[in-house]
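Here is what each chain is made of, one letter per residue.
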Amino acid sequence: MSKKPSIPKGTRDFNPEEVTRRNYIFNVIKETFALYGFQPIETPSFENSETLMGKYGEEGDRLIFKILNSGDFLSKVDDKLYSEKDSNKITTKISEKALRYDLTVPFARYVVQHQNQITFPFKRYQIQPVWRADRPQKGRFREFFQCDADVVGSTSLWQEVEFVQLYDAVFTKLGLKDVTIKINNRKILSGIAETIGAEDKLIDFTVALDKLDKIGEDGVKKEMREKSISEDALQKLQPLFSFKGSNDEKLNALSEMLKTSELGMKGVEELEFIAKTIEKLGLQTASLQIDVTLARGLNYYTGAIFEVSAPAEVNMGSIGGGGRYDDLTGIFGMPNISGVGISFGLDRIYLVLEELNLFPKTVSENSKALFINFGNKEALYAMEAITNLRNAGIKAELYPDDTKMGKQMGYADKRNIPFTVLAGEKEMEAQQYTLKDMKSGAQSSVSYSELEKMLAQ
RNA sequence: GUGGUUGUAGCUCAGCUGGUUAGAGCGCCUGAUUGUGGUUCAGGAGGUCGCCGGUUCGAACCCGGUCUUCCACCCCA
């Protein structure tokens, strides 16, 4: 019992059914990405630490898995440093590589590194696992997949419009109706902070505001006070707490509130273009909703911010997110390249589809027929038929051992293989096969061509 | 990183205020059925009670530590 092997906290094994279902989601997303003109790239599982560290804030650094150097890594740590016991300092000496934390920063690195080979605007998608040294909880793992699509090298708002459509297309194909695509704009948040005189506390302000639907108006105010945002500022913020109505009404209210802020008004204009355009083009099943409290933690967003919420009844938080970042590649020394991207949270989408029972009855990847093994002579006869069936594209297999028939039948039963084929001495003499339908129990003696015909259905 | 929670047979779980050989259902194996699975019947195997230490005459049960599960917070997909 204690010796039973296990996997690390927050990681998972996937059984055949789970892999099939995950591939189904992957395929829908990939097809749609391709349909919208995105091309796949892949980057390594681990990067140089300096590529990742400091890109996700202090909290992010803590959650990055560091890889220990090879060899006698401790010999490079002098006694003084060692005795200080400062983990952060020592880490830089004993670890120079780290596991990928998301796909966006490695993508930025990729763009800067390969800028001479890339034709801009560059539209790429990437589906790979990422790792976070987080504590697992519902829908949160330490190893999980991200599915990202990004465009760099264009500031056009048409990209944002397309991403909204892309979200709608994917979730419609997956049968997940009524997802809400929430949209906001970092410029609006900055504008509000400016208007209420708290521009120096933009991050604290947005993080608190983001929690509105979770901790309520009083909770948000309490947190803002704790971050020493003034009462005067809170007073000016009051309209935000009762922000309701259609996207149009919200836009009007925002223009009124932000008329003194040039940056804020720019944000309103951007939001208005996206919302109005989507309104004209229409969406299939999703709805686009302006949400001024949407902030998202990532510091690098500068324009639009997206977040997709699962239908309310499943209580799963966000199943996707994204936004525009004007200066992502700037951190790698390539300024003034604007990017915008979105991400799908595969693992959470899986949980949602499962909870709502939305996985289609997938085409079985199972064998169509199991040939019973009666011994080497008979098995050869069976194998000839199996080879022909496989050449005809029909999944078939031979039970490898000539054990008791009951066991072989039981195996077919447990694996849900719909047909068994009996080919023993009698059948060989007659050049026939006994085909048994495992569901009905009916069996008939058939020739090879009849066998192939019946299994082909 | 903080707080709580969970761990007993392959799986899902019982196990009383600490008391002798720790149970059930399902699954598994064998046989009834030597060319027939899914049903039925009879029998059988399988657990140092997560791990380490402590209290006690005695620990699955109490205490401490550790790992794990799940949940919330921080943060995030």
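Residues numbered from 1 in each chain as written. Chains lettered and ligands numbered in written order. Predicted model: local features only at pLDDT ≥ 70, side-chain atom pairs only at ≥ 80, totals over all residues. Heavy atoms only, no water.

Named according to an unreviewed UniProt entry, chain A is Histidine--tRNA ligase originating from Aequorivita aquimaris. The heading Sequence similarities (unreviewed entry) in the UniProt record of chain A holds the text "Belongs to the class-II aminoacyl-tRNA synthetase family." The UniProt entry for chain A carries the following text under Subcellular location (unreviewed entry): "Cytoplasm". (UniProt positions renumbered as here; feature names shortened; annotations may be inferred.)

Novice: It is not clear to me how the packing of helix α8 (residues 186–195) against helix α9 (residues 202–210) should be interpreted in this structure. Could you clarify?
Specialist: Packed helices, taken two at a time, are described by the angle their axes make and the gap between the axes. Between α8 and α9, the least distance of the axes is 10 Å, while the angle of their chain directions is 110°. Put simply, α8 runs roughly perpendicular to α9. Pair α8 / α9 crosses with right-handed handedness. Along the contact surface, α8 presents Arg186, Leu189, Ser190, Ile192 and Ala193, while α9 presents Leu202, Ile203, Phe205, Thr206 and Leu209. (Axes fitted to C-alpha atoms, helices over the stretch in contact; angles between N-to-C directions. Helix = DSSP H or I, 4+ residues; strand = E, 2+ residues; numbered from the N terminus. Parallel < 35°, antiparallel > 145°, perpendicular 65-115°, else oblique. Left-handed = near helix turned anticlockwise from the far one by under 90°. Contact = heavy atoms within 4.5 Å.)

Novice: What am I meant to see in the packing of aromatic side chains here?
Specialist: The geometry of an aromatic ring pair is captured by two quantities: the separation of the ring centres and the angle between the planes. Counted by the stated rule, this structure contains 16 aromatic pairs. Positioned above the aromatic ring of Phe141, the side-chain terminus of Arg12 is 3.6 Å from the ring centre. Positioned over the ring face of Phe107 is Arg124, at 4.0 Å from the centre of the ring. (Phe/Tyr/Trp six-rings, centres within 6.5 Å; stacked < 30°, edge-to-face > 60°. Lys NZ or Arg CZ within 6 Å of the ring centre and 35° of its normal.)

Novice: So what exactly am I meant to see when it comes to the pattern of salt bridges here?
Specialist: Any two side chains of opposite charge can pair, on the condition that their charged atoms come close. Counting across every chain of the model gives 20 salt bridges. When the shortest N-O distance is used, the salt bridge between Arg12 and Asp347 registers 2.8 Å. Of this pair, Arg12 sits in the segment before α1 (16–35) while Asp347 sits in helix α14 (residues 346–355), and the two are 335 residues apart along the sequence. Classification of Asp347 as buried rests on a relative accessible area of 6%. One salt bridge in this structure joins Arg225 and Glu231, with 2.4 Å as the shortest N-O distance. The class of Glu231 is partly exposed, set by a relative accessible area of 46%. What you see here is one network of salt bridges that share partners, running through Arg12, Arg22 and Asp347. (Salt bridge = Lys/Arg side-chain N within 4 Å of Asp/Glu carboxyl O. Buried < 20%, exposed > 50% of the residue type's maximum accessible area, 1.4 Å probe, protein only.)

Novice: Honestly, the sheet that holds strand β3 (residues 66–67) in this entry has me stumped. Any pointers?
Specialist: Taking strand neighbours across the sheet as the criterion, the three strands line up as β2-β4-β3 in an open arrangement whose pairing is antiparallel. Strands at the two margins of the open sheet, each flanked by one partner only, are β2 (46–48) and β3. Inspection of the sheet shows β2 paired to strand β4 (residues 97–99) by three bridges, in the antiparallel sense. In the sheet register, Phe46 faces β4, and the bridge partner there is Leu99. (Pairing = 2+ DSSP bridges.)

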